[in-house]
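# Structural characterization, general
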Amino acid sequence: MRASSIKRSLGVNLTTKIKESRVLLVGAGGIGCELLKNLVLTGFGEVHIIDLDTIDLSNLNRQFLFRHEHIKKPKALVAKEVAHNFQPGAKLEAYHANIMDRQFNVGWFETFDIVFNALDNLAARRHVNKMCLAAGVPLIESGTTGFNGQVQVIQKGETECYDCNPKATPKTFPVCTIRTTPSQPIHCIVWAKSYLLPQLFGVSEDEAAELDMTENADNADEIANLKKEADTLNEIRESMGSDDFPRNVFRKVFETDMERLRGLEDMWKEREAPKVLVFDELQESSASTNLPDSNGDQREWSIEENLVVFKDSLNRLSKRLKELQSKKKPDDPEPILAFDKDDEDTLDFVTATANLRAEAFHIGRTSKFDTKQMAGNIIPAIATTNAMTASLCVLQSFKVLQNDLSHAKMVFLERSGPRAINSEGLRAPNPYCDVCSAVRGGLSVTPSATLQDLVEGVLQKQLGYNTDEISILANEDVVYDFDTKDNLPKKLSELGITNDSFVTVTDEDDIEQDPRVNLEFWIVEQTEPAEAAKVMLKTLDIPRRKKKPVTPEPDVAVVTNGTAGTGKRKREGEDELSTDGHTAKKVAGESAKNGDEDPAGESAKNGDEDVAGESAKNSDEDVVVINDDEGAILIDD
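Predicted model, so just to flag it, every value in this text is computed and none were measured.

### Here we look at the overall build of the protein
Along the protein, the regular secondary structure elements total 16 helices and 22 strands. Within the protein, buried positions represent 52% of all 637 residues. Surface accessibility of the protein: about 28,400 Å² in total, with carbon and sulfur atoms responsible for 47%.

### Here we look at the confidence of the model for the protein
Across the protein, pLDDT averages 80, with 78% of residues at or above 70. In the predicted structure, residues 204-213 sits below a pLDDT of 50 and forms 38 contacts with residues beyond four places in sequence or in another chain. Segment residues 579-637: pLDDT under 50, and 263 contacts once partners within four positions in sequence are set aside and those in other chains are kept.

### Observations regarding the nonpolar core
Within the largest apolar cluster, 48 residues are counted, with the highest numbers of intra-cluster contacts made by Leu200, Phe201, Phe250, Phe310 and Phe349. Among the elements of the structure, helix 8 (185-201), helix 9 (217-237), helix 10 (245-262), helix 11 (279-285), helix 12 (303-327) and helix 13 (344-360) are those that each provide at least two residues to this core. If one sorts the elements of this core by residue count, helix 8 sits on top with eleven residues. The next biggest cluster of nonpolar side chains, apart from the first, holds 46 residues, and it includes Val40, Ile55, Phe66 and Val411.

### Overview of the sheet that holds strand 5 (residues 139-145)
Strand order in the open sheet formed by eight strands is 3-2-1-4-5-6-9-10, and the pairing between neighbours is mixed. What marks the edges here is a single partner per strand, and that holds for strand 3 (91-95) and strand 10 (421-425). The sheet shows a mean angle of 15 degrees between the axes of neighbouring strands, taken without regard to direction. Judged from the three bridges that link them, strand 6 (residues 148-154) and strand 9 (residues 409-413) form a sheet pairing that is antiparallel. Along strand 9, the bridge assignment pairs valine 151 with valine 411. Relative to strand 1 (residues 22-26), helix 3 (residues 30-42) is tilted by about 165 degrees, and along the sheet it contacts strand 1, strand 2 (46-50), strand 3, strand 4 (114-117) and strand 5.

### Observations regarding the pairing of strand 13 (residues 477-480)
Summarising the sheet, strand 12 (residues 470-474) and strand 13 pair through three bridges and their orientation is antiparallel. Bridged to isoleucine 472 within strand 13 is tyrosine 480.

### A look at unusual backbone geometry
Although it is not a glycine, lysine 72 adopts a positive phi angle of roughly 80 degrees. Inspection of the secondary structure assignment puts lysine 72 in the loop between strand 2 and helix 4 (75-86). Of note, the phi angle at aspartate 500 is positive, near 75 degrees, even though the residue is not glycine. Among the secondary structure elements, aspartate 500 is positioned in the loop between strand 13 and strand 14 (502-507). With a relative accessible area of 19%, aspartate 500 lands in the buried category.

### A look at the pairing of strand 1
On a regular strand, each side chain points to the face opposite its neighbour's, so the side chains alternate between the two faces of the sheet. Of all five residues in strand 1, four are buried, a share of seventy percent or more. Pairing of strand 1 with strand 2, which is carried by five bridges, proceeds in the parallel orientation. Counterpart to valine 26 in the pairing with strand 2 is isoleucine 50. Remark: the strand 1/helix 3/strand 2 crossover connection has right-handed handedness. Across four bridges, the pairing between strand 1 and strand 4 is parallel. Looking across to strand 4, one finds that leucine 24 is bridged to valine 115.

### Concerning the environment of phenylalanine 398
The topology assignment puts phenylalanine 398 in helix 15 (residues 383-401). Residue class for phenylalanine 398 comes out buried when judged on its relative accessible area of 4%. Expressed as a C-alpha distance, the spacing of phenylalanine 398 and lysine 17, which sit 381 residues apart in the sequence, is 9.1 Å.

### Topic: the packing of aromatic side chains
Scanning all chains against the criterion turns up 17 aromatic pairs. Taken together, a centroid distance of 6.4 Å and an interplanar angle of 90 degrees make the contact between phenylalanine 201 and phenylalanine 349 edge-to-face. You can see phenylalanine 201 sitting in helix 8 and its partner phenylalanine 349 sitting in helix 13, a full 148 residues away along the chain. Phenylalanine 201 gets classed as buried once you look at its relative accessible area, which sits at 0%. By relative accessible area, phenylalanine 349 is classed as buried at 0%. Ring centres 6.0 Å apart and planes at 50 degrees place the aromatic pair phenylalanine 502 and tryptophan 522 in the tilted group. Here tryptophan 522 lies in strand 15 (residues 519-525) and phenylalanine 502 lies in strand 14, a separation of 20 residues in the sequence.

Cut-offs and rules
- Residues numbered from 1 in each chain as written.
- Predicted model: local features only at pLDDT ≥ 70, side-chain atom pairs only at ≥ 80, totals over all residues.
- Heavy atoms only, no water.
- Helix = DSSP H or I, 4+ residues; strand = E, 2+ residues; numbered from the N terminus.
- Buried < 20%, exposed > 50% of the residue type's maximum accessible area, 1.4 Å probe, protein only.
- Areas by Shrake-Rupley, 256 points an atom, 1.4 Å probe, with all protein chains shown as cover.
- pLDDT = per-residue confidence, 0-100.
- Contact = heavy atoms within 4.5 Å.
- Core = buried A, V, L, I, M, F, W, Y, C linked by side-chain atoms within 4.5 Å.
- Pairing = 2+ DSSP bridges.
- Axes fitted to C-alpha atoms, helices over the stretch in contact; angles between N-to-C directions.
- Right-handed = clockwise from strand over helix to strand, strands pointing away.
- Phe/Tyr/Trp six-rings, centres within 6.5 Å; stacked < 30°, edge-to-face > 60°.

Right under this line is the structure:
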């Protein structure tokens, strides 16, 4: 019954294409759950779902496929199981994995007709964008933040790609503010999350992305002090796992450090000096205090409760790290613990530690719930926005399946303005975008191939590059440039360049001010031939980069039906959209997750054409007619 209704609505030809399609859904979070339901009920033939995240209690209010009994289970696997209840005959495949894993290579992406992005972070979005460009597969990108949402169709060579417009830069806080003069709860939270936690259980303070390590006049002294204190904290780490560990940490940061800051009398002429928190006094006053239960997450804990949680969370984290260290193999990297807003241990530590610091600096404390929102850069999600955005993704996929990109739209949901749903036509690729202007191809290499074979045999002799004016990036690391030639004799495999690796060649020749666009290729390993080149790449035409205009590009106003539109594309520095109502996660270099929270970065764009309820044109039956000038749906009786 449902299939016949869809056929009458969409037409025979489109319904057939939907049934025969093979699509990939990346992310099973807020938008992902809604989108999977829509894909299954619309009759998409084969849907593959990938997500590396597990289900958390905080997901249940908007990710409707999940229930309480699913907590801690993989999102992708549960989503597949539940979606089968909507359509038992649907062909679904699920992967509890990271979309950035090498097993999901260009060849794998090429097997899909459409890729739907329902991701939550910038790195994974950029990766999928790059893979779809390399595979030539259409990508439908989406994101939401609060009441706002966006859907974008991306097709290699025909439309803007995800990176054609700049994304917001991560927000950072000066070290001097975070370490010596905090004035807001967020300053204390960032200090606990991005300085103290990594210093005790993870990487050094230099790698904390939210701390501005710029060597300016304000920061210089504090950076020097920070490096000195690292040695002291390293000594304290030696007592990890003992009963004295929480006491040692507390005395260092809330007694010794506060005494030092109070001694800087010039700093406190116009504001109240911090107070010293004495461990033994708080220990005595909290002797009868119990750990707060989960019902207390939305209230501010007392100073005694914060001490109890501080000690307990330190012991939990110490035990976890010790267990990881005991299982470490000789060649494994040193284990660390990092903040995750869904990790109770790290969240408890950050909440309690930030509140104790807030107490010392006469700043208001925050609840565990509010700390999670601030530390995770979360904007509360709105389920209706996710549902509308997921529906718009499917409507745009109809245009893609019919090869009708001329009628596909960039669609926006926005609370302000005369209409809730607006759109604009898809734009041509940005000629200055390094990502979608890159020339791509597969590079066949043998096990004995060296970097010198690539640089001299392919790039210099075959493609005519000046090898003194190029840099080669592999796995996010520079393996070759003018100052790094020591790697030339090494085998590519020794440099981590193995099957399905991506290698980017950047032409940095500024003599003629006319360098080539980036060359990007993926590695295809082959057996050692008896008599053949060790590195083989078909001859490619690599055009020169277009020169950017000197004057900045102005905001673009959309004009529809002779009337200036309300929308302007957001510019660099503005908040970006996530898949689940969250702003972009602000930690640079963070491992990409294909889940739901802490999203990443899609530029919000406002259009002007109303696309409410838009559906695809029928190829066979004239039942639904789209008026693209007016953005309305007309029912033909």
